[in-house]
Amino acid sequence: MASSESQDIEQVTTTIAPSLPDDKTRRYDRQLRIWAASGQAALEASRILVLSSSATATSILKNLVLPGIGQFTILDSAITTPADAGNNFFLNARESIGKPRAQEAVPLLRELNESVQGEAVLKSVKDILGTDQGRDWLASFSIVIAHNLDKPTLEELSALLWSNPNGPPLVTVRSAGFLAEFHIQYHEHCVSQSHSETAPSLRITRPFPSLLEWARSLDLQNMDPTAHSHIPFVVILVRVVDEWRKSHGGSLPKTAAEKKEFKDKIGRLKIKLDEENFEEAEAQAWRVWSEPAVPSDVQALYSLPPLAPSSTPEKHATFHALLDTLSEFTKDPSGPGTLPLSATLPDMKSDTESYVRLQNLYRQWAEVEKNKFKELFAKRHPEAAKTANVEEVETFVKNSHHLRVLRGKQWGAFDKDREALVNSLMTFPRETATHLGLSALTNLLSRSYDPSRITVEALRAEVISVVGEDVDLPEELDAAIGEIARAPTADLPNTAAFLGGLVAQEAIKMITEQYVPLNGYCVVDLVDSWTGVIG
């Protein structure tokens, strides 16, 4: 290299530096790959309220502070005890004993991520609920998480947040020894980015013009062997479907014999025995007779009964307007009769040139259909279209194959439904037995029971009072109430750590509105190492 072309270290670094990711991108690199910039922005704008500074509560917060929530508040008036110092990693051991537990935990949690703000409010939840200002303050957060809150206070908090459809979700966590459960209270949760692993339709039986034109233009018998072995399986299937329809009155293969004949037809198009793209086309032939025009999960959303006006979150108004537009888009006689085309393609046997060509065709036609959708949206919902975020609309269209709408329940509603409890006992005996045991513990403690007097007999009697004496209780109940009676108020570090990851994961789904959160009670048994969802 000539001396004029050489560069010193400083010059090289200066040249490369502008293309390097910033500190924030490097810090959050892995999670940005999971929920992207939009999800990270939602996290950073969130305000989390945690009711307790127990080992479990701080473990949950640890897993929310690390990915970068905006701000957290711990509401807890408890004073640190020797037991707290022994099981909570976010206390200064003996130095914290006798001091406000929340105040001791906040600095250590903030050390995990300097960009996250945190504060401790040394009051009881009951006192906050006792004033209008306090109730408004509770409803101002993005999400509220409560751990082992006493039943009367939890019922009041649950009723307050449930009465406001625009209020924050309430995550209720209960634990005793190696058993635990948590529940997320919300009226409705809409997800346009569910990140489903189910592949969207490739529109093989309803090809768009440019794709059909490519498939029909191929001279399969006279092609160069190399080019022949690199035809994408999508194009092969479109070609064979087109020919099949011409010879079968426009219908697709239905019977087992017809499906076998269809696959044989693909095989006969090979000009060499080892053409992997044609083998792939045979393997993917199921798409011809199994891909619905509209997935059943999405189809069900079209007939979803609306919530009562008093229970409908305002933030979901645009989503429902888009959903209505989607329904009309699929019914439009001049359209494809399907959801808007997805530009996402799976990997396949092909050369780069053919794959890129196919990718460009899908992207171009996806853009055409997205614009048609936007026009229909503006026509059907002009007001919503004016105020809708452009990114929200485009994300909805892009992910229209994987939409989800979840309808939740108020905390405690499951326990008031005796029929649902009995059915759940029959279907999910171990999960329901553990849930009933934890509910019985909560009920007993709410009556000012001394934790040391919680017995197996008292727990069993409380369970029977809930489900009725005429119900046969599963043997799994004995194991559950045995563990609860052994450690009714124990907040074990390993249970806290496991719950911390689980609850934080579900909280992040709620905040980012990505991925599908659980709907019901997630029951955890670390004695036998299992989890399950009921209710």
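Quick caveat, the model's predicted, so the values are computed rather than measured.

What counts, and where the lines are drawn
- Residues numbered from 1 in each chain as written.
- Predicted model: local features only at pLDDT ≥ 70, side-chain atom pairs only at ≥ 80, totals over all residues.
- Heavy atoms only, no water.
- Helix = DSSP H or I, 4+ residues; strand = E, 2+ residues; numbered from the N terminus.
- Buried < 20%, exposed > 50% of the residue type's maximum accessible area, 1.4 Å probe, protein only.
- Contact = heavy atoms within 4.5 Å.
- Areas by Shrake-Rupley, 256 points an atom, 1.4 Å probe, with all protein chains shown as cover.
- Pairing = 2+ DSSP bridges.
- Salt bridge = Lys/Arg side-chain N within 4 Å of Asp/Glu carboxyl O.
- Core = buried A, V, L, I, M, F, W, Y, C linked by side-chain atoms within 4.5 Å.
- Axes fitted to C-alpha atoms, helices over the stretch in contact; angles between N-to-C directions.
- Left-handed = near helix turned anticlockwise from the far one by under 90°.
- Nonpolar A, V, L, I, M, F, W, Y, C, P; charged D, E, K, R; others polar.
- Phe/Tyr/Trp six-rings, centres within 6.5 Å; stacked < 30°, edge-to-face > 60°.
- pLDDT = per-residue confidence, 0-100.
- Right-handed = clockwise from strand over helix to strand, strands pointing away.

1. Focus on the overall build of the chain
Looking only at helices and strands, the chain has 26 helices and 10 strands in total. Counting every position in the chain, which comprises 535 residues, the buried fraction comes to 47%. Pairs at least 24 apart in sequence give 72% of the contacts found in the chain among residues at least 6 apart. When the accessible area of the chain is evaluated, it comes to approximately 25900 Å², of which 50% is carbon and sulfur surface.

2. Some points on the pairing of strand β4 (residues 143-147)
The side chains of a regular strand alternate, first on one face of the sheet and then on the other. With 5 of 5 residues buried, β4 lies mostly within the body of the structure. Here β4 shows no split at all, with I143, I145 and H147 on one side and V144 and A146 on the other all buried. With 4 bridges connecting them, strand β1 (residues 47-51) and β4 associate as parallel partners. Each bridged residue has a counterpart across the sheet, and for L49 the counterpart in β4 is V144.

3. Considering the pattern of salt bridges
Evaluation of the coordinates by the stated rule reveals 30 salt bridges. The residue R380 makes a salt bridge to D324 at a minimum N-O spacing of 2.8 Å. With a gap of 56 residues between them, R380 in helix α18 (residues 352-380) and D324 in helix α17 (residues 317-331) connect regions that are remote in the sequence. Overall, D324 belongs to the partly exposed group, its relative accessible area being 26%.

4. Topic: the nonpolar core
If you look at the biggest cluster of nonpolar residues, it comprises 45 residues, and the most contacted ones within it are L51, L75, L138, V144, L157 and L459. Among the elements that line this core, the one with the most residues is helix α23 (residues 429-446), at 6 residues. Those residues within four positions of L138 in sequence are excluded, and the remaining contacts are L49, L75, I128, L129, V144, L157, L160, L161 and P168.

5. What about unusual backbone geometry?
Even without being glycine, H195 reaches a positive phi, approximately 55°. Here H195 is to be found in the loop between β7 (188-191) and α10 (209-217). Even without a glycine there, the phi angle at R203 is positive, about 60°. Considering the arrangement of structural elements, one finds R203 in the loop between β7 and α10. According to the relative accessible area criterion, R203 is buried, its value standing at 4%.

6. Considerations on the packing of α23 against helix α25 (residues 476-486)
Contact geometry of α23 with α25 gives a least axis separation of 8 Å together with a crossing angle of 35°. The element α23 and its partner α25 pack so that their crossing is right-handed. Across the interface between the two elements, P429, R430, A433, T434, G437, L438 and L441 of α23 pack against E476, L477, A480, I481 and I484 of α25. Of the residues contributing to the contact of α23 with α25, the split by class is 8 nonpolar, 2 polar and 2 charged.

7. A word on the packing of aromatic side chains
What the rule picks out here adds up to 9 aromatic pairs. Their ring planes at 10° and their centres at 5.9 Å tell us that F208 and W365 sit as a pair that is stacked. Of this pair, F208 sits in the loop between β7 and α10 while W365 is found in helix α18, placing the two residues 157 residues apart along the sequence. Judged by its relative accessible area of 2%, F208 falls in the buried class. Look at F414 and Y521: their rings are 6.0 Å apart centre to centre, the planes differ by 35°, and that puts the pair in the tilted class. Residue F414 is located in helix α21 (residues 413-416), and its partner Y521 is located in strand β9 (residues 521-525); the two are separated by 107 residues in the primary sequence. Comparing F414 with Y521 shows no difference in burial state: the two are buried. By way of ring pairs, the aromatic residues F319, F329, F373 and F396 are connected into one cluster.

8. Details of the confidence of the model for the chain
Per-chain confidence: the chain averages 93 in pLDDT, with 96% of residues scoring 70 or above. Counting interchain partners and residues more than four positions distant, the pLDDT-below-50 stretch residues 1-7 has 4 contacts. Counting interchain partners and residues more than four positions distant, the pLDDT-below-50 stretch residues 9-17 has 3 contacts.

9. Section: the pairing of strand β5 (residues 170-176)
Burial runs high along β5: 7 of the 7 residues are buried. Neither face of β5 is exposed, since L170, T172, R174 and A176 on one face and V171, V173 and S175 on the opposite face are all buried. Between the parallel pair β4 and β5, the chain is carried across by helix α9 (residues 151-162), and the sense of this crossover is right-handed. Pairing of β5 with strand β6 (residues 179-185) involves 7 bridges; the strand directions are antiparallel. Bridging from a neighbouring strand, T172 pairs with H183 of β6. The antiparallel hairpin formed by β5 and β6 contains 2 residues in its connecting segment, where G177 sits at a positive phi of about 65°.

10. Structural notes on the sheet that holds β9
To summarise the sheet geometry, strands pair through backbone hydrogen bonds and adopt either a parallel or an antiparallel arrangement. The 8 strands lie next to each other as β3-β2-β1-β4-β5-β6-β9-β10, forming an open sheet whose pairing is mixed. Looking along the sheet, the strands with just one partner apiece sit at the ends: β3 (117-121) and β10 (530-534). Pairwise comparison of adjacent strand axes, ignoring direction, gives a mean angle of 15° for this sheet.

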